[in-house]
Amino acid sequence: MKKILIVVLVFTFFNVSAQKVDQFNSWWYYSGKYRLTEKFNIETLYSWSRHNFVKNWQQSKLRLGTSYDYLKNVSFGVGYEWVVLFPYGAHPVSEKRTEHRIYEYFNLKNKIKTVAVNYGMLLEQRIMKDRIRHRLRLILGAKIPLIQSKKGETKLGLSLSNQVFLDIDKYANNNHFGQNRIYGAFDIPINNAFTLSLGYMNQYIIIKDNRIENDHTLMVKLSHKIDFR
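Below: a short report on this structure. Here the structure is a predicted model, which is why all the values come from computation and not from measurement. (Residues numbered from 1 in each chain as written. Predicted model: local features only at pLDDT ≥ 70, side-chain atom pairs only at ≥ 80, totals over all residues. Heavy atoms only, no water.)

**Some remarks on the overall build of the protein chain**
Here is step 1 of the chain: If you tally the helices and strands in the protein chain, you get 1 helix and 11 strands.
Here is step 2 of the chain: By principal-axis analysis of the C-alpha atoms, the protein chain measures approximately 60 × 45 × 35 Å.
Here is step 3 of the chain: Burial status across the protein chain gives 38% buried among its 229 residues.
Here is step 4 of the chain: Of the side-chain charges in the protein chain, 34 are positive and 18 negative, and the distance between the mean point of each set is 4 Å. (Helix = DSSP H or I, 4+ residues; strand = E, 2+ residues; numbered from the N terminus. Buried < 20%, exposed > 50% of the residue type's maximum accessible area, 1.4 Å probe, protein only. Lys, Arg positive; Asp, Glu negative; His and termini not counted. Charge placed at Lys NZ, Arg CZ, Asp CG, Glu CD.)

**Side note on the pattern of salt bridges**
Here is step 1 of the chain: Across all of its chains, the model carries 16 salt bridges by this definition.
Here is step 2 of the chain: Taking the shortest distance from any N to any O, the salt bridge between D130 and R131 comes out at 3.8 Å.
Here is step 3 of the chain: Taken together, the shared-partner salt bridges connect K61, R63, E81, R97, E99, R101, E124, R126, R135 and R137 into one network. (Salt bridge = Lys/Arg side-chain N within 4 Å of Asp/Glu carboxyl O.)

**Details of the pairing of strand β6 (residues 115–127)**
Here is step 1 of the chain: Taken together, the 13 bridges between strand β5 (residues 97–112) and β6 define a ladder with antiparallel strand orientation. Of the residues in β6, the one forming a bridge with K111 is A116.
Here is step 2 of the chain: Hairpin geometry of β5 and β6 is characterised by an intervening segment of 2 residues between the two adjacent antiparallel strands and by a positive phi of about 60° at K113.
Here is step 3 of the chain: The sheet contact formed by β6 and strand β7 (residues 132–148) spans 12 bridges and is antiparallel. (Pairing = 2+ DSSP bridges.)

**Remarks on the side chain of Q179**
Here is step 1 of the chain: Within the secondary structure, Q179 is located in strand β9 (residues 177–189).
Here is step 2 of the chain: Q179 sits in the buried class, given a relative accessible area of 8%.
Here is step 3 of the chain: Within polar-contact distance, the side chain of Q179 engages the side chain of R181 at 3.0 Å. (Polar contact = N/O pair within 3.5 Å; in protein donor to acceptor, adjacent residues only side chain to side chain.)

**Points about unusual backbone geometry**
Here is step 1 of the chain: Phi at N52 is positive, roughly 55°, even though this residue is not glycine.
Here is step 2 of the chain: Mapped onto the elements of the fold, N52 is located in the loop between β2 (40–51) and β3 (56–71).
Here is step 3 of the chain: For K113, which is not glycine, the phi dihedral falls at a positive 60°.

**With respect to the packing of aromatic side chains**
Here is step 1 of the chain: Scanning the entire structure with this criterion turns up 7 aromatic pairs.
Here is step 2 of the chain: Plain terms: the ring middles of Y70 and F76 are 6.0 Å apart, the flat faces sit at 70° to each other, and that makes the pair edge-to-face.
Here is step 3 of the chain: According to the relative accessible area criterion, F76 is partly exposed, its value standing at 37%.
Here is step 4 of the chain: Above the plane of the ring of Y103 lies R63, whose end atom (NZ or CZ) is 5.1 Å from the centre.
Here is step 5 of the chain: In this structure, R131 packs its charged tip against the face of Y171, placed 4.4 Å from the ring centre. (Phe/Tyr/Trp six-rings, centres within 6.5 Å; stacked < 30°, edge-to-face > 60°. Lys NZ or Arg CZ within 6 Å of the ring centre and 35° of its normal.)

**Some remarks on the sheet that holds β2**
Two modes of strand pairing occur in sheets, parallel and antiparallel, and in both the strands are linked by backbone hydrogen bonds.
Here is step 1 of the chain: If you walk around this closed barrel you meet the 11 strands as β1-β2-β3-β4-β5-β6-β7-β8-β9-β10-β11, and the pairing is mixed. On average, each strand axis in the sheet is inclined to that of its neighbour by 20°, with strand direction left out of account.
Here is step 2 of the chain: In terms of strand pairing, strand β4 (residues 74–85) meets β5 through 12 bridges, oriented antiparallel. When the bridges of β5 are listed, V78 appears paired with E104. (Axes fitted to C-alpha atoms, helices over the stretch in contact; angles between N-to-C directions.)

**Side note on a nonpolar patch on the surface**
Here is step 1 of the chain: The grouping of Y46, W48, F53, V54, L62, Y80, W82, I102, I127, I132 and L218 at the surface amounts to a nonpolar patch, some 910 Å² of accessible area in total.
Here is step 2 of the chain: Mapped by element, the contributors of at least two residues to the nonpolar patch are β2 and β4.
Here is step 3 of the chain: Following the sequence through the fold, Y80 ends up in strand β4.
Here is step 4 of the chain: Assessed through its relative accessible area of 36%, Y80 is described here as partly exposed. (Patch = residues over 30% accessible without salt bridge, like charges linked within 9 Å, V, L, I, M, F, W, Y side chains within 5 Å. Areas by Shrake-Rupley, 256 points an atom, 1.4 Å probe, with all protein chains shown as cover.)

**Examining a positive patch on the surface**
Here is step 1 of the chain: A grouping of K72, K109, K111 and K225 is seen on the molecular surface, where their side chains present a positively charged patch.
Here is step 2 of the chain: Residue K225 is classed as exposed on the basis of its relative accessible area of 57%.

**Details of the environment of G184**
Here is step 1 of the chain: Mapped onto the secondary structure, G184 falls in strand β9.
Here is step 2 of the chain: Judged by relative accessible area, G184 falls into the partly exposed class, the value being 22%.
Here is step 3 of the chain: Note: C-alpha distance between G184 and L222 (38 residues apart in sequence) is 15 Å.
Here is step 4 of the chain: Contact partners of G184, with chain neighbours within four places excluded, come to S159, L160, G199 and Y200. (Contact = heavy atoms within 4.5 Å.)

This is how it looks when you write it as structure tokens:
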């Protein structure tokens, strides 16, 4: 009984003492996937991330990568990201800084009736001015058609995902848990090449044990696909 009481008291003290802040952001981004051969693709992304809706900079991210479709439902990818982080919000970074990120990922897709489910792992090497950090993302997502044409084409879809970020280096906090992202969006196909997604993401970030961000983010995404075969 004493042990249970101690755990409750510690948990209560942590939640009271932690400087948790709710913040509001918006991310506007473009992603592209361009099929070159039966197996190889080029992948691109640019993310324009803003704080206080669109008032201040939060982050700028540019990505270039490639993926390989090993099987119909199994793919691997590698790439590079150029990321600029800006001081923002109640727990800002000390100064504007640039990160060079190299990433590798594995993705497994499955279909349950009309619902497309994907499971993924992404490993990041974050190269900073004074250190190199390592992070692992665990990803679970699903795409659900809400409105379909008579031919079975999706006219309106729903995307759901959750990402758990684990810091796996000596700079990590005690439990290695860095952040969690819950995402939901409506997908609106414009034509065969473009899809517009409008949604919401909750980003829960543990900066330190007593510094926590709970970010509410408007997500606006334009996806582009071209088959060059």
